[in-house]
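Reading the structure
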Amino acid sequence: MLNVLYCEHDATHRGDFVFDLPNGQDTWLLLMTQTPAIFDVEGSLKQVEANSVVLYKPFQKIFYRAVG
């Protein structure tokens, strides 16, 4: 069963936006980008294209930021 706790659509962030949770959170997090973004993938920063999807499992390190 899927239990959605929070949903946000069409969020906008400044060019210097950074989201950093070293210990993650206690829920799954699904992100869908509309612009290029940079994510920490197993310790390496990787740039993803617009319209990418990233799924974080509970307690996984979460780090992503805007590209400029």
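The structure we're discussing is the one just above.
Attention here is on the structure that accompanies the text. (Residues numbered from 1 in each chain as written. Predicted model: local features only at pLDDT ≥ 70, side-chain atom pairs only at ≥ 80, totals over all residues. Heavy atoms only, no water.)

Okay, the sheet that holds strand β3 (residues 37-41) next. An order of β1-β6-β3-β4 is seen for the 4 strands of this open sheet, with the pairing classed as antiparallel. If you trace the sheet from one side to the other, it starts and ends with β1 (18-21) and β4 (44-48), each paired once. Between one strand axis and the next, the sheet turns through 20 degrees on average, direction left out of account. The sheet contact formed by β3 and strand β6 (residues 62-66) spans 3 bridges and is antiparallel. Following the sheet pairing, A37 is matched in β6 by A66. (Pairing = 2+ DSSP bridges. Helix = DSSP H or I, 4+ residues; strand = E, 2+ residues; numbered from the N terminus. Axes fitted to C-alpha atoms, helices over the stretch in contact; angles between N-to-C directions.)

Attention now moves to the nonpolar core. The nonpolar side chains of a soluble globular protein tend to be buried, and buried together. In this structure, F17, L29, L31, A37, F39, V48, V54, Y56, I62, Y64 and A66 together form the largest nonpolar core, which totals 11 residues. Among the elements of the structure, β2 (29-32), β3, β5 (53-56) and β6 are those that each provide at least two residues to this core. Considering every element that reaches this core, the biggest residue donor is β6, with 3 residues. Setting aside residues up to four positions removed in sequence, F17 forms contacts with Y64, R65 and A66. (Core = buried A, V, L, I, M, F, W, Y, C linked by side-chain atoms within 4.5 Å. Buried < 20%, exposed > 50% of the residue type's maximum accessible area, 1.4 Å probe, protein only. Contact = heavy atoms within 4.5 Å.)

Glancing now at the pairing of β5. With burial as the criterion, only one face of β5 is covered, namely that bearing V54 and Y56; the residues V53 and L55 on the opposite face remain uncovered. Note: β2 against β5, 4 bridges, orientation antiparallel. Across the sheet, the residue bridging to L31 is V54, located in β5.

On the surface, W28, L30, M32, V53 and L55 cluster together into a nonpolar patch covering about 590 Å² of accessible area. Put simply, the parts of the chain that give the nonpolar patch at least two residues each are β2 and β5. Summarising the element assignment, L55 is placed in strand β5. By relative accessible area, L55 is classed as exposed at 51%. (Patch = residues over 30% accessible without salt bridge, like charges linked within 9 Å, V, L, I, M, F, W, Y side chains within 5 Å. Areas by Shrake-Rupley, 256 points an atom, 1.4 Å probe, with all protein chains shown as cover. Salt bridge = Lys/Arg side-chain N within 4 Å of Asp/Glu carboxyl O.)

Structural measurements only, silent on function.
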